[in-house]
Amino acid sequence: MGKIILVTGPARSGKSEWAETLAIQSGKAVVYVATATDNPDDQEWHQRILEHQQRRPQDWVTLSVPMELSATLADAKPYTCLLVDSLGTWVANFLEQDEFTWENIVAEFLETVDLVAADILFVAEEVGWGVVPAYPLGRTFRDRLGSLVRQLSTLSETVYLVTGGHVLNLSILGSPLPNTRDAGTFRSQDS
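Rules behind the numbers
Residues numbered from 1 in each chain as written. Predicted model: local features only at pLDDT ≥ 70, side-chain atom pairs only at ≥ 80, totals over all residues. Heavy atoms only, no water. Helix = DSSP H or I, 4+ residues; strand = E, 2+ residues; numbered from the N terminus. Contact = heavy atoms within 4.5 Å. pLDDT = per-residue confidence, 0-100. Buried < 20%, exposed > 50% of the residue type's maximum accessible area, 1.4 Å probe, protein only. Pairing = 2+ DSSP bridges. Patch = residues over 30% accessible without salt bridge, like charges linked within 9 Å, V, L, I, M, F, W, Y side chains within 5 Å. Areas by Shrake-Rupley, 256 points an atom, 1.4 Å probe, with all protein chains shown as cover. Salt bridge = Lys/Arg side-chain N within 4 Å of Asp/Glu carboxyl O. Lys, Arg positive; Asp, Glu negative; His and termini not counted. Charge placed at Lys NZ, Arg CZ, Asp CG, Glu CD. Core = buried A, V, L, I, M, F, W, Y, C linked by side-chain atoms within 4.5 Å. Axes fitted to C-alpha atoms, helices over the stretch in contact; angles between N-to-C directions.

(A) Structural view of the side chain of Thr35. With respect to the element layout, Thr35 can be found in the loop between strand S2 (29-34) and helix H2 (43-55). Those residues in contact with Thr35, other than ones at most four positions away along the chain, are Val65, Pro66, Val84, Asp85, Ser86, Thr89, Trp90 and Asn93.

(B) Seen up close, the confidence of the model for the protein chain. Predicted confidence across the protein chain gives a mean pLDDT of 90, with 94% of residues reaching 70 or more. Contacts from residues 181-191, a stretch scored under 50 in pLDDT, to residues over four places away or in other chains number nine contacts.

(C) Looking closely at the pairing of strand S1 (residues 4-9). By the criterion of burial, S1 is predominantly enclosed, with six of the six residues buried. Here S1 shows a buried face lined by Ile4, Leu6 and Thr8 and a second buried face lined by Ile5, Val7 and Gly9. Across six bridges, S1 lies against strand S5 (residues 119-125) in parallel orientation. For Gly9, the partnering residue across the bridge sits in S5 and is Glu125. Of the pairings in the sheet, the one linking S1 to strand S6 (residues 158-163) comprises four bridges and is parallel in character. Of the residues in S6, the one forming a bridge with Thr8 is Leu161.

(D) A look at a negative patch on the surface. Residues Glu68, Glu108, Glu111 and Asp114 make up a contiguous surface patch of negative charge. Looking at the element boundaries, Glu111 is found in helix H5 (residues 99-115). Glu111 gets classed as exposed once you look at its relative accessible area, which sits at 55%.

(E) Region of interest: the nonpolar core. Among the nonpolar cores identified, the biggest contains 30 residues, and Leu69, Leu73, Leu87, Trp90, Phe109 and Phe122 are the most heavily contacted of them. Where this core is concerned, the elements lending two or more residues are S1, S2, helix H3 (69-74), strand S4 (80-85), helix H4 (87-92), H5, S5 and helix H6 (136-155). Per-element accounting of this core gives the leading share, six residues, to H5. Residues in contact with Leu69, not counting those within four places in the same chain, are Val33, Val84, Leu87, Trp90 and Phe109. One finds Ala23, Val30, Leu83 and Leu121 within the second-largest nonpolar core, a separate group that totals 15 residues.

(F) Inspection of the sheet that holds S5 at higher detail. In spatial order, the strands read S3-S2-S4-S5-S1-S6-S7; together these seven strands make up an open sheet with mixed pairing. Every other strand in the sheet has two partners, leaving strand S3 (61-64) and strand S7 (166-169) as the edge strands with one partner each. Averaged over all pairs of adjacent strands, the angle between their axes in this sheet comes to 20°, without regard to strand direction. Note that S2 and S4 share six bridges and pair parallel. The residue bridging Val33 from the neighbouring strand is Val84, located in S4. Running at roughly 175° to S5, helix H1 (residues 15-25) makes contact with S1, S2, S4, S5, S6 and S7 of the sheet.

Structure representation (C-alpha cells):
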C-alpha cells in the first residue's frame, strides 16, 4: 500500500502549496490530478487554475479528472505520487446526485483509496467553520465534504491542517475521534 496523506484547511491558506512540497519530497514521479474544469468565461476561476499550473514543475503529469477519481486512483502505478487537488471541487461536481448515489460514489472511492499502491496526497477544503449556508445546496456541499474528509482521515497516514500560512501535523498534535463502535475504548494522549 502507498502512503495516504490528507492536507486540509481554509481557502487561500497554502494547503495546495504544502501538498506540492510534499509531492516533491516524495522523490517519486508526480501525477497532478486536477478535479476542476477550466471555464474561460469565468476569469477569476481561470486565473486560479493558471496560478496552480505555473507553480507546478514541468515534469509533473497533469490529469483532468472532474468525476472519475476512483478509476484514476485504481490505475495509479506504485512508483508514483498522486496529488489530488481538490476534494471540494470533486464533491461539488456531484452535487446534483441524490444521497443514495452519492453514498455509493463515496463507498467506491474509499474502497479504492484503501487499495492503491501509489502514494496519494489529497487536498481538501475546510468549509464548515463559518455560518451554516442558508440554502439547501450549500448545506449539502458542506455536509458531504465534511463527512468525506473525516472518513478519508481515518485512512490517512498523516493529516495536516494548513491555516494562515502555517502547517500543523494533526497526526502528532491531535487524537482522532473514535468510531462510534469503538467509543468506549477512546483514550486521549494524556491518558
